[in-house]
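# What the coordinates show
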Amino acid sequence: ALHRCRNKTVLQVSRRSVQQYKQQTMPAQRRRRGARLITSCATVTLTFVALLAFYQLEPLQVETTVSQPQIPKHQLRPPARVARHVDRQVPPKAQKHFYSQPSSSHTAAALTKRGWRQTKNPEEAEVLWYQRKQLIDWGHVQKWQLVNHVRRERDIGHKRNLARRLQGTAAARWVPETYDLSDKVQAANFAKVALEEEPSSAIKWLVKRPGTDGGKGIELVQNARDVLDGTSVKRSMKDRLAQRYVSDLLLTPDGRKFDLRVYWVVASFRPELVLYGGGTLRVSASNFTGGGKGTHLTNAAQQQGGHSSHDESTRRSMQELWDQLSSEKREGWPADPAAYVDCHIRKTIQDVWRAYESTEKHLLEPRETHDAFILLGLDVMIDANLNVYLSEVQSGCGLPTNTKAVRDVVLKLVPDLLDVVFAVKDASYNEKPPHAAAIALAEARGFE
C-alpha cells in the first residue's frame with residue numbers, strides 16, 4: 001500500500017511538471033512558426049512579382065553583322081594535341097625501357113638495336129608491345145605509357161562488330177553482300193534471298209563464325225537453304241555471318257586464287273596519323289579448279305604446312321601483282337590498272353577508318369593513355385573487273401617470316417613503324433603542321 005501511494009504521488013508531480021513546461025514553451029513555438037510562415041509568404045509574393053515584371057518586359061534586340069562561320073564536318077573535332085615525351089612525365093626508371101609479349105618478337109629485336117632495354121615488369125616500361133591484345137591488363141596501364149593496342153580495338157577486329165559499323169557508311173561499298181544472322185531483320189532478309197535462290201553446285205556463300213581467324217569457323221555453302229530450317233535460319237547458325245562468295249576473282253598467272261594482306265598503321269590518335277604500309281599476296285597452294293577448303297581460302301592456316309610452311313608460292317610480293325596487271329591489260333580495264341587497284345585499296349582503308357569517327361572523337365581513341373599506336377591488317381580480294389572487296393580487318397595481325405616475300409615486308413615494316421611512332425612521340429608540343437616531322441619520315445620510309 002505504501003508503494004502504491006508513493007507511485008501515485010510521483011505520477012501527479014510528473015503530470016504537473018509536464019503541464020507547466022507546455023505552458024512556458026508553447027507561446028515561443030507559436031511565435032517561431034508564425035515568423036516562418038510570414039517569411040515564406042513574403043518570398044513567394046516577391047518571386048511572383050519578379051516573374052510578372054520579367055515577362056512583361058520586351059526582349060532586348062541586339063543587331064550584329066558578324067556571321068558565325070560554318071565549320072566543315074571533318075573539322076568538328078578539334079585537334080587536341082597532348083604532351084609528348086617530356087610532357088608525358090615518364091618516370092626516369094621507365095625511360096628507354098620496353099616490355100614485349102612475346103619477349104622474342106621482331107619489335108623487341110628492333111628496340112634493342114635502338115639501344116632500349118627490355119624489362120620483365122610492364123609497369124616499368126615506357127613502351128608496351130603485345131602481339132595478343134587479350135593479354136593486356138588495362139587496369140595497370142599508366143597514362144604515360146605508349147601501347148600498341150587500344151581497349152576498344154575489338155570493335156574493328158571482330159567480324160560482326162566490323163560488319164555492323166560499316167553498314168550505311170561509305171565503306172559498305174567495298175563489302176560483299178553480308179547478313180548478320182544474329183539480327184532478326186537481317187536473318188529474315190537472308191532467308192528470303194535463300195528461298196528465292198536456285199540450288200547450284202557452285203559455292204555461293206561463306207558462313208563465318210565471327211570470333212575466329214585463320215580461316216577457322218568458315219563454311220563453304222553451295223545451297224543457301226542448307227542454312228535454313230524451313231523458312232527461318234537454323235538455331236545453330238544464328239551466331240554467324242553469311243557473306244556472298246565472290247566467284248569471278250582475278251587469278252594468278254598460274255591459275256591460283258589469291259587475296260591481299262596489306263598493313264596499315266595508326267601512328268597517333270591526337271591528332272590522327274594513319275599510314276598505308278604495303279603488303280603481300282596470300283596465294284592458295286592448289287589450282288583454283290581443284291577442290292578442298294584450302295583452294296577457296298587463302299589463309300596460311302588453311303594451306304598445307306600452315307604458318308610454318310616455307311612454300312614460296314603461297315606468299316608473293318605485291319610487285320608480282322602490279323607486273324601481272326600491267327602485262328595483261330584486259331578489255332575494259334583502266335589505262336593503269338596497278339595504280340587503279342592501289343588507289344582503291346587506300347580508299348578502302350580511309351573509308352573503314354572514317355566509319356569509326358564521330359563529331360567529337362574517334363570511337364577507337366585511347367582513354368587509358370595519352371596516345372597509342374596500332375598495326376592492323378586489311379584483307380582484300382580483287383575480281384576480274386578490278387573491283388576491290390573487303391574481307392576483314394585483322395587486329396593484332398601476325399608477322400610471319402616463313403617466306404621471302406613476307407619476310408622482306410615484315411623485317412622492314414616493324415623498324416620503320418617504330419621510327420615513325422617515336423617521331424610522333426618526340427615531336428614538339430607546338431609543332432605546326434602537326435606530325436610534320438613524322439610524316440616526312442614516313443614518306444621517306446615508303447609509307448603513304
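The coordinates are above.
Below: a short report on this structure. (Residues numbered from 1 in each chain as written. Predicted model: local features only at pLDDT ≥ 70, side-chain atom pairs only at ≥ 80, totals over all residues. Heavy atoms only, no water.)

Cis geometry marks the peptide bond from Gln101 to Pro102, where omega comes out at 10°. Here Pro102 lies in the loop between strand S1 (97–101) and helix H2 (106–113). One non-glycine residue, His435, lies in positive phi territory at about 65°. Examined against the element boundaries, His435 turns out to sit in the loop between helix H9 (404–425) and helix H10 (436–444). (Helix = DSSP H or I, 4+ residues; strand = E, 2+ residues; numbered from the N terminus.)

Now for the side chain of Gln145. Along the chain, Gln145 falls in the loop between strand S3 (127–130) and strand S4 (146–147). Given the relative accessible area of 1%, Gln145 is considered buried. Side-chain polar atoms of Gln145 contact the backbone nitrogen of Gln142, separated by 2.9 Å. (Buried < 20%, exposed > 50% of the residue type's maximum accessible area, 1.4 Å probe, protein only. Polar contact = N/O pair within 3.5 Å; in protein donor to acceptor, adjacent residues only side chain to side chain.)

Below, the discussion takes up the sheet that holds S4. Ordered in space as S2-S1-S3-S4, the four strands form an open sheet in which the pairing is parallel. A strand with exactly one partner marks an edge of an open sheet, and here the two such strands are strand S2 (117–118) and S4. When S1 meets S2, the two strands line up parallel, connected through two bridges. From the neighbouring strand, Phe98 faces S2, where its bridge partner is Gln118. Its contacts with the sheet place H2 against S1, S2 and S3, and it is angled at close to 165° to S1. (Pairing = 2+ DSSP bridges. Contact = heavy atoms within 4.5 Å. Axes fitted to C-alpha atoms, helices over the stretch in contact; angles between N-to-C directions.)

Moving on: the packing of H2 against H9. At a minimum axis separation of 10 Å, H2 and H9 run at an interaxial angle of 55°. Viewed along their axes, H2 and H9 adopt a mutual orientation that is oblique. Considering only the axes of H2 and H9, their crossing is right-handed. When H2 is examined against H9, the residues His106, Thr107, Ala110 and Leu111 are found in contact with a partner set consisting of Val410, Leu411, Val414, Pro415, Leu418 and Phe422. The residue makeup of the contact of H2 with H9, split by class, is eight nonpolar, two polar and no charged. (Parallel < 35°, antiparallel > 145°, perpendicular 65-115°, else oblique. Left-handed = near helix turned anticlockwise from the far one by under 90°. Nonpolar A, V, L, I, M, F, W, Y, C, P; charged D, E, K, R; others polar.)

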